[in-house]
Amino acid sequence: MLCSQGTAQVQLAHIDGEDQGATVSRLYGEVVIGGYLPLRVRLENKTDRPQQWGLRARSSIDDHRSSVIEFSKQFEVGARTAEVFDVLVPTPSIADFEQFRNTGYYYGYSSMQVTGTLVGPEQDLSFSCYSSGNTDIDSILLTNNVVDIVGYGEQVIPFIPQDFFNDGTRYVPPGERLGFQLVQLEANTMQEDWRAYWGFGMILLSTEEWKSLSSLQTQALMNWVRAGGVLVLPDWNWARGNIIPGVSQDDFKSGECHYGLGRIEVGPIVGGYESVNRRVFDEGAFPLSNPRVSGVFGYDLQDRESLGGYYAVLIGFIVLVGPVNLMYFCRGRRRYRLFVTTPLIVLASLSAIALYSLLRDGVGGEGERFELTLFGGDSNQALRVQSQGADLGMIFGRSFEVPEKAHVERFSVPGAAQKRYEVDGSKRSGDWFVSRSKNSLLVAWAEPSREQVRLEVNGNGAGLKVSSRIKGTVTPFVLKDGAGNYWTTESLSLGETKSLTQVDAEEVKDLIERLTQSKARRLYETAIERQLRGSNVFFGELKNDANPALATLKSVAWDDGGHLALGQVVLAGRENQ
């Protein structure tokens, strides 16, 4: 089934057999680049015994001529019951898309697609979903209640309605090209997994939709905002009188509140179409998905270029297998020796190539990994990010484990060959790591956490003091208060309470410079700059031996390059218990 633009939830495939029933639906109106496509799977077991189902899905760009992600998941349905499962199928990353655009298959447009098979005990169910003409790597998510659908012949285009803009205009002036992809969904299908919103720079919700969200749906959206997303709520009067989790009404200034690396905007968008363009493109609304920000080794890395040794082996092979073999080893009546000498020469050449590769590149490799933790104050959530780069030699085992609901993305795609990434629960395998290349990888996940920093005024009314529930030591500890003043202490450890010393902005710049002297400089600088747009926030380097970095490929000798901690402080009286 072709998924057309301008629609949200659509049934892709359905079967109703004697012993089983199954339906697969997609919940987004488009398939986004570098994000996820939520699928809703409804399974019905009509027998008296449990049934096992398996889902195999494959996402790619333009008919599998680009890199592909193969996703698999298992389901179990009890006897005489029907269950509904929401799954997130990952799509190729921005780096994969950029690589595809440099191939001869790209003609100025592309089609993201997800195909798959639901394997049942009685009958299999195949489905497919296409998003045609997608050339934009930036996306905005809208619900059906905040979008106007305008038809132009056979093309259906969604428009943001007038009440989201203060000047009464639609978001695209007549004759203007859509500068980014609009993706629709129905509000009752909002996901409880924050990864569903990865790849979107902005999400627009109506007031009624926001109020209808469950606590888990709200938590997922707030984790996405903390990671850098922009959430827009149009009703300023309502927002002023209601509590948004983790956000104080005092935090709203000029119609917006900076929260983590992102922000929440309330009231009509000022500036119309140009304002949206600026926020999505110029400001880089979702920095963690930007390879130039989060990639340790940078962007558009290539395989190693020095091939002199391999050319030497190839020339030697040609000389041996041809003139030397025929005119020396097997000349005259000794031609029968070709059946022995030729395989031996081939084997010797292959051995020489393997030996040269091992001597040149080694086994495994060396890498460096950098951590970033965003503490959510009294939201009881923490967002953890690990950006890592490795200079790889010959690798043999390429599988690794990550947290169950972690987002994993490659920021370097070496070579022109098609890459295949496999996702099965917490296990990743395939071409996430490629021998003899530079590898840049990002892993991000959210988890429950009561780690926080509590802020209060000293008893004598002069100065501030903080107490820490964060495991490890933050050094230096830098705070920006609600008035925009900076405070610091040399270190703050778990269980400690310390008074802070006020410092000027120049001293803070020196501290930031000290903290960002690494290969993760762009990531750390961006995170600190975004965090300091808010108030009552802190940052510092976290020393925590009890919580080591995430181990990915174990054959690589990893060096821990740094761990940056950022977050909102909890004002005295508001901390979680």
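The structure this text deals with has already been given above.
Note that residues are indexed from 1 along each chain, following the sequence as it is written. pLDDT decides what is reported in this predicted model: residues at 70 or higher carry local features, side-chain atom pairs at 80 or more are listed and counted, and totals for whole chains, interfaces and linings draw on all residues regardless. By convention in this description, side-chain values take in all heavy atoms of the structure and omit both hydrogens and water.

### Quick look at the overall build of the protein chain
Okay, so step 1: Per the secondary structure count, the protein chain includes 10 helices and 33 strands.
Okay, so step 2: The rule is simple: take the accessible area with a 1.4 Å probe, protein chains only, and divide by the maximum for that residue type; under 20% is buried, over 50% is exposed, in between is partly exposed. Out of the 577 residues in the protein chain, the part that is buried amounts to 55%.
Okay, so step 3: Pairs at least 24 apart in sequence give 70% of the contacts found in the protein chain among residues at least 6 apart.
Okay, so step 4: Computed by Shrake-Rupley with a 1.4 Å probe, the accessible areas treat only the displayed protein chains as cover when residues are assessed. With the model as given, the accessible surface of the protein chain reaches about 24,700 Å², and the carbon-plus-sulfur share is 51%. Only DSSP runs of H or I covering at least 4 residues are called helices, and only runs of E covering at least 2 are called strands; the numbering of each starts at the N terminus. Contacts are assigned to residue pairs that have any heavy atoms within 4.5 Å of one another.

### Notes on the sheet that holds strand β19 (residues 400-401)
Okay, so step 1: Being paired, for any two strands, means DSSP has found at least two bridges between them. Ordered by their spatial adjacency, seven strands build an open sheet running β8-β7-β4-β5-β21-β22-β19, and the pairing between neighbours is mixed. At either end of the open sheet lies a strand with only one pairing partner, and these are β8 (125-131) and β19.
Okay, so step 2: Examined bridge by bridge, strand β4 (residues 51-61) and strand β7 (residues 112-119) share eight bridges and lie antiparallel to one another. Opposite L55, over in β7, you have L118 as the bridge partner.

### Let's talk about the nonpolar core
Okay, so step 1: Among the buried residues, those of types Ala, Val, Leu, Ile, Met, Phe, Trp, Tyr and Cys that are joined through side-chain atoms within 4.5 Å form a nonpolar core. L118 and Y197 are the most contacted members of the largest nonpolar core, which totals 106 residues.
Okay, so step 2: Not counting chain neighbours up to four residues away, the residues in contact with L118 comprise A22, V24, V41, L43, W53, G54, L55, F75, Q123, D124, L125 and F127.
Okay, so step 3: In this structure, F375, F477, L479 and L492 belong to the second largest nonpolar core, which totals 17 residues.

### Focus: helix α10 (residues 521-531)
Okay, so step 1: Listed in full, the buried residues belonging to α10 are L523, Y524, T526, A527, I528, R530 and Q531.
Okay, so step 2: Buried residues along α10 sit against α6 (291-294), β17 (365-375), β18 (381-392), α9 (505-515), β31 (537-543) and β32 (556-568).

### Considerations on the layout of surface pockets
Okay, so step 1: As a volume, the largest pocket reaches approximately 630 Å³.
Okay, so step 2: The distinction between a cavity and a pocket rests on a 1 Å grid over the protein atoms alone: a 1.4 Å probe fits inside a cavity but cannot get out, while a pocket stays open yet meets protein on both sides within 12 Å along at least five of seven lines, and a residue with an atom within 4 Å of a point counts as lining. Along the walls of the largest pocket sit 39 residues, with F71, V87, L88, D193 and R195 positioned nearest its centre.
Okay, so step 3: Secondary structure elements with two or more residues in the lining of the largest pocket: β3 (36-45), β5 (68-77), β6 (82-90), β20 (407-410) and β21 (420-424). Grid points are joined across faces, edges and corners, and a volume is the space filled by probe spheres set on the points.

### Remarks on the pairing of strand β1 (residues 10-16)
Okay, so step 1: Both β1 and strand β2 (residues 20-26) contribute to a ladder of six bridges, which runs antiparallel. Looking across to β2, one finds that I15 is bridged to A22.
Okay, so step 2: The antiparallel pairing of β1 with β2 creates a hairpin that spans three residues between the two strands.

### Quick notes on the sheet that holds strand β24 (residues 453-457)
Strand pairing in a sheet relies on backbone hydrogen bonds. The paired strands run either parallel or antiparallel.
Okay, so step 1: If you trace the four strands from one edge of the open sheet to the other, you get β29-β25-β24-β33, paired in mixed fashion. With partners counted over all chains shown, the strands left at the sheet margins are β29 (497-499) and β33 (570-571), one partner each.
Okay, so step 2: Bridge count between β24 and strand β25 (residues 464-468): five bridges; the pairing is antiparallel. Within β25, the residue paired with V457 across the bridge is L464.

### A word on empty space enclosed by the protein
Okay, so step 1: A complete count under the given rule lists one cavity of 30 Å³ or more for this structure.
Okay, so step 2: There is about 40 Å³ of room inside the largest cavity.
Okay, so step 3: Ten residue types, Ala, Val, Leu, Ile, Met, Phe, Trp, Tyr, Cys and Pro, are classed as nonpolar, four, Asp, Glu, Lys and Arg, as charged, and the remainder, Gly among them, as polar. Residue composition of the lining of the largest cavity, by class: three nonpolar, five polar and one charged.

### As for the pattern of salt bridges
Okay, so step 1: The salt bridge criterion pairs a side-chain nitrogen of Lys or Arg with a carboxyl oxygen of Asp or Glu, the two atoms within 4 Å. Under the definition given, this model contains 21 salt bridges.
Okay, so step 2: In this structure, R58 engages E70 in a salt bridge whose closest nitrogen and oxygen atoms are separated by 2.9 Å. Of this pair, R58 sits in strand β4 while E70 sits in strand β5, placing them 12 residues apart in sequence.
Okay, so step 3: On the basis of relative accessibility, which here comes to 24%, the residue R58 falls in the partly exposed class.
Okay, so step 4: Connected through salt bridges with shared partners, the residues R58, E70, R420 and E422 form a single ionic network.

### Looking at the side chain of T526
Okay, so step 1: Examined against the element boundaries, T526 turns out to sit in helix α10.
Okay, so step 2: Whenever a nitrogen or oxygen atom comes within 3.5 Å of another N or O atom, the pair is scored as a polar contact, on the condition that within protein one atom can donate a hydrogen and the other can accept it, and that pairs from neighbouring residues in sequence are kept only if both atoms are in side chains. Only 2.7 Å separates the side chain of T526 from the backbone oxygen of R522, close enough to count as a polar contact.
Okay, so step 3: Setting aside residues up to four positions removed in sequence, T526 forms contacts with P287 and V293.

### Overview of the environment of I203
Okay, so step 1: With respect to the secondary-structure elements, I203 resides in strand β13 (residues 200-204).
Okay, so step 2: Each C-alpha atom of the pair I203 and V225 lies 9.5 Å from the other, and the pair is 22 residues apart in sequence.
Okay, so step 3: Excluding its chain neighbours within four sequence positions, the residues that come into contact with I203 are L141, Y197, L221, W224, V230, L231 and V232.

### Describing the packing of aromatic side chains
Okay, so step 1: Two rings from Phe, Tyr or Trp (for Trp, the six-membered ring) form a pair when their centres sit within 6.5 Å of each other. Planes less than 30 degrees apart are called stacked, planes more than 60 degrees apart edge-to-face, and all others tilted. In this structure the tally under the stated criterion is seven aromatic pairs.
Okay, so step 2: Taking the centre distance of 5.5 Å and the plane angle of 80° together, the rings of Y28 and F200 count as edge-to-face. Placement of the pair is Y28 in the loop between β2 and β3 and F200 in strand β13, with a sequence separation of 172 residues.
Okay, so step 3: Summarising the aromatic geometry, the rings of Y421 and W432 are spaced 4.7 Å apart at their centres and angled 45° between planes, so their arrangement reads as tilted. Of this pair, Y421 sits in strand β21 while W432 sits in the loop between β22 (427-430) and β23 (438-448); the two residues are 11 residues apart in sequence, bridging distant segments of the chain. Just as Y421 is buried, W432 falls in that class too.

### What to know about helix α3 (residues 215-226)
Okay, so step 1: Any helix carries an expected span of 1.5 Å times its number of residues minus one. A rise of 1.5 Å per residue sets the reference length of α3, with its 12 residues, at 16 Å; its end C-alpha atoms lie 16 Å apart and thus fit the reference within 8%.
Okay, so step 2: Across the 12 residues that make up α3, a large majority, nine, are buried.
Okay, so step 3: Among all positions of α3, only Q217, T218, A220, L221, M222, N223, W224, V225 and R226 are buried.
Okay, so step 4: Directly after α3, the chain includes G228, whose backbone phi takes a positive value near 130°.

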